[in-house]
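Residue-level structural notes
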Amino acid sequence: MTVVRNLIKIIVPIIIVAGFFFIMSNFKHTQTLSLAEEKRIKEYASLMQQAKAKEEDKTQILSLSSVAALGKGSAGEEVKVVQKSLGLNPDGFFGLQTEQAVKEFQVKNGYIADGIVGPKTWEALVNTGKNAEGTAESTSNSL
């Protein structure tokens, strides 16, 4: 009986120490990220989030393109979508600033500058959104 106890007193600590070294040796193989790698991952996540937001905006513009026309005095979510796509602060009211931005957009795209967002202007807004995405993709691919 004492022989067994003595063997247990010797063997158990050896097993514990061997187990400790076995576990610690596995931690050597875990890889930590460098600061540059962490930065690249964060940049990628940010780009993906921006792309998702642009896709949602484009989908919203496409769904609203069936609206007959928006002009000075219009209000609502449709106006907010137009304002966002023109780079304005979206307040939901089609006022002088929105009308001026629409006219500038129409002139830039070769339309008659009437300040009214009709079917042709909606289509141009959608196409401008697609071109901006293509430019953003080519810029991110060159990084």
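Residues numbered from 1 in each chain as written. Predicted model: local features only at pLDDT ≥ 70, side-chain atom pairs only at ≥ 80, totals over all residues. Heavy atoms only, no water.

1. Focus on the overall build of the protein
The condition is simple: Secondary structure elements are taken from DSSP: a helix is a run of H or I of four residues or more, a strand is a run of E of two residues or more, and numbering for both begins at the N terminus. Throughout, exposure labels follow a simple rule: accessible area from a 1.4 Å probe, protein chains only, divided by the maximum for the residue type, with under 20% read as buried, over 50% as exposed, and the rest as partly exposed. A contact between two residues is defined here by any heavy atoms of the two lying within 4.5 Å. Here the accessible surface of atoms and residues is derived via Shrake-Rupley with a 1.4 Å probe, and residues count as covered only by protein chains that are part of the display.
On a plain count of helices and strands, the protein comes out with five helices and zero strands. Secondary structure elements in the protein, listed N-terminal to C-terminal, are α-α-α-α-α. Expressed as a percentage of the 143 residues in the protein, the buried residues total 20%. By sequence separation, contacts in the protein at least 24 residues apart represent 35% of the contacts at least 6 residues apart. When the accessible area of the protein is evaluated, it comes to approximately 10700 Å², of which 61% is carbon and sulfur surface.

2. Here's the deal with the pattern of salt bridges
The criterion, for reference: Any carboxyl oxygen of Asp or Glu that lies within 4 Å of a side-chain nitrogen of Lys or Arg is treated as forming a salt bridge with it.
In this structure the tally under the stated criterion is one salt bridge. Lys 80 is paired through a salt bridge with Glu 77; the nearest N and O atoms lie 3.7 Å apart. Residue Lys 80 and its partner Glu 77 are located together in helix α3 (residues 77–85), separated by three residues, close to a single helical turn. The exposure class assigned to Glu 77 is partly exposed, which follows from its relative accessible area of 49%.

3. Overview of helix α4 (residues 96–108)
Side chains three or four residues apart in an α-helix point the same way, a direct result of the helix having 3.6 residues per turn. This is how the line gets drawn: Expected span, for any helix, means 1.5 Å times one less than how many residues it has. In this description, one arc is meant: the one made by directions from the helix axis to the C-beta atoms.
Counted at 1.5 Å a residue, the expected span for α4 with its 13 residues is 18 Å, and the 18 Å between its end C-alpha atoms agrees. Buried within α4 are the following residues: Thr 98, Glu 99, Ala 101, Val 102, Phe 105 and Gln 106. The arc that holds every buried residue of α4, seen down its axis, measures 165°, which confines them to one face. Along α4, exposed side chains directed more than 90 degrees from the buried face belong to Leu 96, Gln 97, Val 107 and Lys 108. Positive phi appears at Gly 110, one or two residues downstream of α4, with a value of about 80°.

4. With respect to a nonpolar patch on the surface
Put simply, the test is: Residues form patches when they are more than 30% accessible in relative terms and have no salt bridge. Like charges link within 9 Å. Nonpolar side chains (Val, Leu, Ile, Met, Phe, Trp, Tyr) link within 5 Å.
Taken together, the side chains of Val 3, Leu 7, Ile 10, Ile 11, Ile 14 and Ile 15 present a nonpolar region at the surface, about 590 Å² in accessible area. Topologically, Val 3 is positioned in helix α1 (residues 2–27). Here Val 3 falls in the exposed class, since its relative accessible area comes to 56%.

5. Concerning the side chain of Gln 83
The test is simple: Throughout this description, a polar contact denotes any pair of N or O atoms lying within 3.5 Å of each other; where both atoms belong to protein, one of them has to be capable of donating a hydrogen while the other can accept it, and for residues adjacent in sequence the pair is counted only when both atoms sit in side chains.
Within the secondary structure layout, Gln 83 lies in helix α3. Separated by 3.0 Å, the side chain of Gln 83 and the backbone nitrogen of Gly 92 make a polar contact. Ignoring anything within four residues of it in the chain, the contact list for Gln 83 reads Leu 88, Asn 89, Pro 90, Asp 91, Gly 92, Phe 93 and Thr 98.

6. Let's talk about the nonpolar core
What counts, and what does not: Side-chain atoms within 4.5 Å link the members of a nonpolar core, which is a set of buried Ala, Val, Leu, Ile, Met, Phe, Trp, Tyr and Cys residues.
The biggest cluster of nonpolar side chains holds 11 residues, and these are Leu 70, Val 79, Val 81, Val 82, Phe 94, Val 102, Phe 105, Val 117, Trp 122, Ala 124 and Leu 125. For this core, the secondary structure elements donating two or more residues are α3, α4 and α5 (119–142).

7. Observations concerning α3
Within the span of α3, buried status applies to Val 79, Val 81, Val 82 and Gln 83. Count one or two residues on from α3 and you reach Gly 87, which has phi positive near 85°.

8. A word on the confidence of the model for the protein
Formally: How sure the predictor is of each residue is captured by pLDDT, a score from 0 to 100.
Confidence along the protein averages 76 in pLDDT terms, with 71% of residues attaining 70 or more. Ranking the helices and strands of the protein by mean pLDDT puts α4 first, with 93, and α5 last, with 60. Note on residues 132–143: pLDDT under 50 across the span, and five contacts to partners over four residues away in sequence or across chains.

9. Here's the deal with the side chain of Thr 121
Inspection of the secondary structure puts Thr 121 in helix α5. By relative accessible area, which is 6% here, Thr 121 ends up buried. Beyond its immediate chain neighbours, meaning those up to four positions away, Thr 121 contacts Phe 105, Gln 106 and Ile 116.

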